[in-house]
Amino acid sequence: MPKAMQYTKGSIIYFEGDRDERVFILQQGVVLLSSTDIETGQAVAEQVRSSEFFGVKSAFGHFPREETATALVPTIVIALTVQEFEVLFSNNKQLIMKMLRVFSNQLRQIHKKTESILNNTSTDQQTGMLAVAKAFFDDEQYRSACDVYLKFLTRYPNTPKRDEVAALYTESKLKNERLQAHQKGQVFVDETGGDSSLKVFSLPAFERFAKEYENGQVIIAEYEPGDSFYLIQSGKVRLVKCVNDTLKNLDILKPGEFFGEMAILDNSPRSATCMAAGHVKCLEFNKENFELLITGNPQIALVLLKLFCKRIYDQKRRFRILVVKDLQARLADVFLMLDEMNPVSNASEKMRRFNVTISDIAHWAGLSQEITHEELNKLVEKRKIEIFENYVIVSNINDMKRMYDTRSGNINR
């Protein structure tokens with residue numbers, strides 16, 4: 001049962017860094033949420049209004065609290081378990097859509113900050129799509145380039161660049177056909193997950209939404225308008241972003257995961273390109289039936305809410321790396337992040353193996369491969385790490401923590 005809790009003036013409801021899987025509703029009084037801005041280091045304060053929720057992201061994502069909650073006056077809050085909140089959330093259409101839009105906007109703002117710190121030049125949608133297509137072409141991913149050029153011509157049939165883009169599309173198509181002939185005989189495995197959340201989508205009613213894609217096929221292109229979102233039924237989907245005319249791998253999504261939902265919620269252009277990694281089967285839902293689908297299927301809304309919680313946390317964690325000025329400290333924090341993402345069963349074991357390449361580390365650190373290689377070699381010379389073709393060995397993860405604390409100045413991290 002939800003529990004009413006009383007706090008006197010100045011009482012702390014929870015501290016930043018606490019692990020507490022409760023969600024709170026402010027019933028009476030005033031609550032202040034205080035945290036530190038990742039980029040500036042300045043204090044940030046936000047006041048909770050009556051009947052508003054707080055503590056949702058950390059409770060749903062099973063992450064440490066990101067802020068300290070303080071009662072500014074005698075205050076009463078209702079504390080709910082995640083399960084109790086889910087029941088309340090599932091039965092309130094207005095709350096469902098409000099929270100999804102709030103979290104979508106928060107994620108969008110973190111994306112913008114990340115792009116700004118990476119000096120990724122903002123551009124209009126048409127120029128952006130053509131830059132994405134060119135990046136695929138230059139990377140010899142001709143199938144993907146062909147798809148983006150075709151999407152561009154479909155979206156913008158009256159563009160003055162139509163003939164130029166049509167020629168690029170034809171060239172990409174021919175190069176892809178030659179490449180396919182050369183690679184004939186290769187087999188891409190269709191990996192189907194056993195996610196129990198997919199069971200609800202196996203009903204015949206959902207079959208009309210099914211779409212299938214082949215390896216390298218672009219499902220949605222960065223910068224194009226967002227008018228549909230997808231649920232992966234089988235296979236894997238690779239998320240790629242074009243940063244300063246270079247393709248950067250963001251993530252690999254598996255069966256049971258959604259993508260494309262953010263553009264639906266805030267009417268913004270696509271923030272990344274999503275492409276099939278092998279054979280993929282998805283369910284495609286359009287903008288018109290999105291709200292009906294979400295509010296009519298509370299379990300989908302809950303999956304999306306949890307997904308936003310995770311993505312917001314992950315993006316903030318990456319952004320925290322990018323604002324570290326000292327390059328050695330920044331690389332150390334990359335290894336600390338990888339350690340958080342891949343917890344070991346034996347906490348006393350200090351050595352770590354991370355299945356990443358120098359290119360992966362450069363991506364996380366927001367550095368060129370040349371600078372990353374140079375800085376990593378310094379760690380190799382100090383015998384802090386060993387670099388292999390597809391993995392890196394960290395001799396002692398505590399050394400990375402000490403290096404980060406000392407060189408970044410964040411002793412109390």
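This text goes with the structure placed above it.
Residues numbered from 1 in each chain as written. Predicted model: local features only at pLDDT ≥ 70, side-chain atom pairs only at ≥ 80, totals over all residues. Heavy atoms only, no water.

Student: An account of the overall build of the protein chain is requested, with residue identities and associated values reported.
Tutor: When its secondary structure is counted, the protein chain shows 13 helices and 17 strands. Computed over C-alpha atoms, the radius of gyration of the protein chain comes to 23 Å, within 12% of the 22 Å expected from 2.2 N^0.38 for 413 residues, which places it in the range of a compact globule. For the protein chain, the spread of C-alpha atoms along the principal axes amounts to about 70 × 60 × 40 Å. Sequence-distant contacts in the protein chain: of pairs separated by 6 or more residues, those separated by 24 or more amount to 76%. Per element, the accessible surface of the protein chain, about 21200 Å² overall, is 49% carbon and sulfur. Computed over 54 positive and 54 negative side-chain charges, the separation of the two mean positions in the protein chain equals 2 Å. (Helix = DSSP H or I, 4+ residues; strand = E, 2+ residues; numbered from the N terminus. Rg over C-alpha atoms; globule rule 2.2 N^0.38 Å. Contact = heavy atoms within 4.5 Å. Areas by Shrake-Rupley, 256 points an atom, 1.4 Å probe, with all protein chains shown as cover. Lys, Arg positive; Asp, Glu negative; His and termini not counted. Charge placed at Lys NZ, Arg CZ, Asp CG, Glu CD.)

Student: Quick one: what's the story with helix α5 (residues 142–155), residue by residue and with numbers?
Tutor: A rise of 1.5 Å per residue sets the reference length of α5, with its 14 residues, at 20 Å; its end C-alpha atoms lie 20 Å apart and thus fit the reference within 8%. Buried residues along α5 sit against α4 (125–138), α6 (162–182), β10 (218–220) and β14 (273–286). (Expected span 1.5 Å × (residues − 1).)

Student: With reference to specific residues and values, describe unusual backbone geometry.
Tutor: Of note in the backbone geometry, Ser 51 takes a positive phi value of approximately 75 degrees without being a glycine. Locating Ser 51 in the fold gives a position in the loop between β5 (43–48) and β6 (53–54). With a relative accessible area of 53%, Ser 51 lands in the exposed category. The residue Tyr 223 is not glycine, and still its phi comes out positive at about 85 degrees. (Buried < 20%, exposed > 50% of the residue type's maximum accessible area, 1.4 Å probe, protein only.)

Student: I'd like a rundown of the nonpolar core, residues and numbers included.
Tutor: One finds Phe 60, Phe 89 and Ile 294 to be the most contacted residues of the largest nonpolar core, which totals 37 residues. Sorting elements by how many residues they give to this core places helix α9 (residues 298–322) first, with nine residues. The contact partners of Phe 89, leaving out residues within four places of it in the chain, are Leu 95, Ile 96, Met 99, Ala 301, Leu 302 and Leu 305. The next biggest cluster of nonpolar side chains, apart from the first, holds 26 residues, and it includes Ala 332, Ala 365, Leu 367 and Val 394. (Core = buried A, V, L, I, M, F, W, Y, C linked by side-chain atoms within 4.5 Å.)

Student: Residue-level account of the sheet that holds strand β4 (residues 31–36), with values.
Tutor: Pairing is antiparallel in the open sheet, where four strands are placed in the order β2-β7-β4-β5. Both outer strands of the open sheet, β2 (12–14) and β5, are each paired with one neighbouring strand and no more. Each adjacent strand pair in this sheet contributes to an overall mean axis angle of 30 degrees, direction not counted. Judged from the six bridges that link them, β4 and β5 form a sheet pairing that is antiparallel. (Pairing = 2+ DSSP bridges. Axes fitted to C-alpha atoms, helices over the stretch in contact; angles between N-to-C directions.)

Student: I'd like a rundown of the pattern of salt bridges, residues and numbers included.
Tutor: Per the counting criterion, the structure on display carries 23 salt bridges. The partner of Lys 306 in a salt bridge is Glu 86, and the shortest N-O contact between them spans 3.0 Å. With Lys 306 in helix α9 and Glu 86 in helix α2 (residues 82–90), this pair connects stretches of sequence that are 220 residues apart. Of the charged contacts, one joins Arg 155 and Asp 227 as a salt bridge, the two residues approaching to 2.9 Å between their closest N and O atoms. A residue pair is termed long-range when its members are at least 10 positions apart, and Arg 155 in helix α5 and Asp 227 in the loop between β10 and β11 (228–243) qualify at 72 residues. Three or more residues are tied together by salt bridges with common partners; here these are Lys 151, Arg 155, Glu 224 and Asp 227. (Salt bridge = Lys/Arg side-chain N within 4 Å of Asp/Glu carboxyl O.)

Student: Please give an account of the packing of aromatic side chains that cites residues and values.
Tutor: Under the criterion given, the structure shown has 16 aromatic pairs. The ring of Tyr 14 carries Arg 65 above its face, with NZ or CZ at 4.1 Å from the centroid. The ring of Tyr 391 has Arg 353 lying over it, and the distance from NZ or CZ to the ring centre is 3.7 Å. (Phe/Tyr/Trp six-rings, centres within 6.5 Å; stacked < 30°, edge-to-face > 60°. Lys NZ or Arg CZ within 6 Å of the ring centre and 35° of its normal.)

Student: An account of the pairing of β4 is requested, with residue identities and associated values reported.
Tutor: The antiparallel hairpin formed by β4 and β5 contains six residues in its connecting segment, where Gly 41 sits at a positive phi of about 80 degrees. Pairing geometry for β4 and strand β7 (residues 68–71), over four bridges, is antiparallel. If you follow Ser 34 over to β7, its bridge partner there is Thr 68.

Student: Lay out the packing of α4 against α5 with the relevant residues and their values.
Tutor: Two elements in contact, α4 and α5, have axes whose closest approach is 7 Å; the angle formed by their N-to-C orientations is 160 degrees. Considering the angle they form, α4 stands roughly antiparallel to α5. In this structure, α4 meets α5 at a crossing whose hand is left-handed. Of the residues in α5, those touching α4 at Gln 126, Met 129, Leu 130, Val 132, Ala 133, Lys 134, Phe 136 and Phe 137 are Tyr 142, Ser 144, Ala 145, Val 148, Tyr 149, Lys 151 and Phe 152. Residues belonging to the contact of α4 with α5 are distributed by class as follows: eleven nonpolar, two polar and two charged. (Parallel < 35°, antiparallel > 145°, perpendicular 65-115°, else oblique. Left-handed = near helix turned anticlockwise from the far one by under 90°. Nonpolar A, V, L, I, M, F, W, Y, C, P; charged D, E, K, R; others polar.)

Student: So what about the environment of Leu 304? Which residues, and what values?
Tutor: Note that Leu 304 resides in helix α9. For Leu 304, a relative accessible area of 0% puts it in the buried group. Residues Leu 304 and Ser 408, 104 residues apart in the sequence, show an inter-C-alpha distance of 35 Å. Beyond its immediate sequence surroundings of up to four residues, Leu 304 is in contact with Leu 100, Phe 258, Glu 261, Phe 290 and Ile 294.

Student: Give me the lowdown on the state of the cysteines, citing residues and values where you can.
Tutor: With the rule as written, the count across this model stands at zero disulfides. Its sulfur unpaired, Cys 274 is 9.2 Å from the next cysteine sulfur, which belongs to Cys 282. (Disulfide = S-S within 2.5 Å.)

Student: So what about the packing of α2 against helix α3 (residues 93–117)? Which residues, and what values?
Tutor: Viewed as axis vectors pointing N to C, α2 and α3 meet at an angle of 110 degrees, and their least axial separation amounts to 7 Å. It follows that α2 is roughly perpendicular to α3 by the angle criterion. Here α2 contributes Phe 85, Phe 89 and Ser 90 to the contact with α3, which in turn contributes Leu 95, Ile 96 and Met 99. Taken together, the residues of the contact of α2 with α3 break down into five nonpolar, one polar and no charged.

Any functional reading would require information that these geometric values do not contain.
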